[in-house]
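What follows is the residue order along each chain.
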Amino acid sequence: MDIEKIRENLLKKKAEILESLANNNSEDLNEKSGVEDAADTVTSEMSRETLYKLSQAERETLFYIDIALKKIENGTYGVCEECGAPIGEKRLEAIPWVRLCIDCSQNEEVLKSFSNRSDDLGFYHIIPGTMEDEDTGKIPE
C-alpha cells in the first residue's frame, strides 16, 4: 500500500470539500434578490436545506479525513478502530478515510438499524395498557 499516494488523495479530497463549502457559503450570501413569490421562497428553502445536508456530510468527511491524516502521521493508518484488524487495501483505496474494517462496518450498520427501529417503536407505546392481569387476562377487582 502506497501511504504517500493515499495521503495525497486525502489532501486533495480535503481541498475539494473546503472549496465546495466555501462556494456554497458564498452562493448562499448572494442568493437573495429581494423579489420572490411563495414558490420561489419554498424552492429557495428546499435548496438551502439540501445544501445544508450536503455540507453536513462534507463536514463529517472532513473530520474523518483529518483523523486519517493523523493516523498516517502516527503509524496507525489502516487499522480498524473497533477490532484492531487491518482494513483491506481495496477498501482503503476506495474510501481512504474509512475507520472500520468491512465486518465492523457492517455490524455498526446493523446496530444503527436496530437503534433507529427501536426509536420508531417508542411512538407506538404512548397509549397505556389496560389493567389486565397478564396471567389471567382479567381486570383485577
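Each remark here, short or long, concerns the structure printed above.
Predicted, not measured: the structure shown is a model, and the values here were computed from it.

Definitions and limits used
Residues numbered from 1 in each chain as written. Predicted model: local features only at pLDDT ≥ 70, side-chain atom pairs only at ≥ 80, totals over all residues. Heavy atoms only, no water. Helix = DSSP H or I, 4+ residues; strand = E, 2+ residues; numbered from the N terminus. Buried < 20%, exposed > 50% of the residue type's maximum accessible area, 1.4 Å probe, protein only. Areas by Shrake-Rupley, 256 points an atom, 1.4 Å probe, with all protein chains shown as cover. Core = buried A, V, L, I, M, F, W, Y, C linked by side-chain atoms within 4.5 Å. Contact = heavy atoms within 4.5 Å.

*Asks:* Which residues make up the overall build of the protein chain, and what values do they have?
*Replies:* If you tally the helices and strands in the protein chain, you get four helices and zero strands. Counting helices and strands in the order they occur from the N terminus, the protein chain gives α-α-α-α. Burial statistics for the protein chain: of 141 residues in total, 20% are counted as buried. Total accessible area computed for the protein chain in this model is approximately 11000 Å², and 54% of it derives from carbon and sulfur atoms.

*Asks:* For the nonpolar core, give the residues involved together with the corresponding values.
*Replies:* For soluble globular proteins, nonpolar side chains are generally found buried alongside one another. Core analysis: the biggest nonpolar cluster contains 17 residues, and Leu10, Tyr77, Cys80 and Ile87 have the highest contact counts within it. Within the residue set of this core, elements represented by two or more residues are helix 1 (3-30) and helix 2 (38-74). Residues in contact with Leu10, not counting those within four places in the same chain, are Ile65, Ala68, Leu69, Ile72, Pro96 and Trp97.

*Asks:* Residue-level account of the side chain of Lys71, with values.
*Replies:* Along the chain, Lys71 falls in helix 2. The exposure class of Lys71 is buried, given its relative accessible area of 13%. With near-sequence residues (within four places) excluded, Lys71 lies in contact with Thr76, Tyr77, Val79, Glu81 and Arg99.

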